[in-house]
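Chain by chain, the residues:
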Amino acid sequence: MTTYGTTNVDQAGTELVDVNCTVNGQTAHFRVPAHRTLMDALRYDLGLTGTKTCCAEGECGACTILINEQAVNSCLMLAAEVEGLDLLTVEGLGAGSSCGMNDLQESFLEAGAVQCGFCIPGQVMSAEYLLRTNPEPSVEDIREGMSGNLCRCAGYQRIVEAVQRTAAKRAAR
């Protein structure tokens, strides 16, 4: 049996779990029902609404975040499971820059890859993971790396272009 943190029960008898982790470089503590998904905890307990709720079945990738440098569909993980882990959401990517965006987010805008915008946070997080694990991806690598993210606006070619732009920017540094 895995223990994920301190457990309590609220007045209604719902089991609550205390979770301590790092979110976007900051120490975070929150108490959630044991059944709450990480996606819901990020959005409703921590106010990080960049993580989108869409299919809630791990099919669309709109809720993708990085946990200990791995891309994860936050809708498929319980919040209690992140005890002691390091989380990075789309809000944290550009936190240190003057414009609030990192180079990848800027490339999405430059390439016109942001259409309705709903899938973009998950797309950006998957692309960030791809570029961290493969700094010089081919078009095929990008398509494969982004295959877990759906775009209903069908802006896939512009998303590929944004990833290529970012790879070129990072290679030039």
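Before any of the text, the structure's been laid out above.
Numbering of residues starts from 1 in each chain and follows the order in which that chain's sequence is written. Local features are withheld for residues below a pLDDT of 70 in this predicted model, meaning they are given only at 70 or higher, and side-chain atom pairs are given and counted only at 80 or more; totals for whole chains, interfaces and linings count all residues. The basis for the side-chain values is all heavy atoms of the structure; hydrogens and waters are excluded.

Participant: Report on the nonpolar core, specifying residues and quantitative values.
Facilitator: Only buried Ala, Val, Leu, Ile, Met, Phe, Trp, Tyr and Cys residues count toward a nonpolar core, and they belong to the same one when joined by side-chain atoms within 4.5 Å. Here the term buried applies to any residue with accessible area under 20% of the maximum for its type, exposed to any over 50%, and partly exposed to those in between, with areas from a 1.4 Å probe on protein chains only. Counting 23 residues, the largest nonpolar core has Phe 108 and Val 124 as the members making the most contacts within it. Where this core is concerned, the elements lending two or more residues are helix 2 (90–93), helix 3 (103–110), helix 4 (120–133) and helix 6 (156–172). Helix and strand definitions follow DSSP, with helices as H or I runs of at least four residues and strands as E runs of at least two, each counted in order from the N terminus. Take this core: its biggest share by element is 6 residues, from helix 4. Beyond its immediate stretch of four places on either side in the chain, Phe 108 contacts Ala 113, Val 114, Ile 120, Gln 123, Val 124, Ala 127, Ile 159 and Ala 162. Any pair of residues with heavy atoms lying within 4.5 Å of one another is described as a contacting pair.

Participant: Let's hear about helix 3: which residues, and what values?
Facilitator: Inspection of helix 3 places Asp 103, Leu 104, Gln 105, Ser 107 and Phe 108 among the buried residues, and these make up the whole buried set. The secondary structure elements touched by the buried residues of helix 3 are helix 2, helix 4 and helix 6. Capping the start of helix 3 is the job of one residue whose side-chain oxygen sits 3.1 Å from the backbone nitrogen of Leu 104: Asn 102. Gly 112 sits one or two residues past helix 3 and shows a positive phi near 70 degrees. Residues adjacent in sequence count toward polar contacts only when both atoms are side-chain atoms; beyond that, a polar contact is any pair of N or O atoms within 3.5 Å, and within protein one must be able to donate a hydrogen and the other to accept it.

Participant: An account of unusual backbone geometry is needed here, citing residue identities and associated values.
Facilitator: In this structure, Asn 24 is a non-glycine residue whose phi angle is positive, near 55 degrees. With respect to the element layout, Asn 24 can be found in the loop between strand 2 (15–23) and strand 3 (26–33). The backbone of Ala 56 sits at a positive phi, close to 60 degrees, despite the residue not being glycine. Relative to the elements of secondary structure, Ala 56 occurs in the loop between helix 1 (38–45) and strand 4 (64–67).

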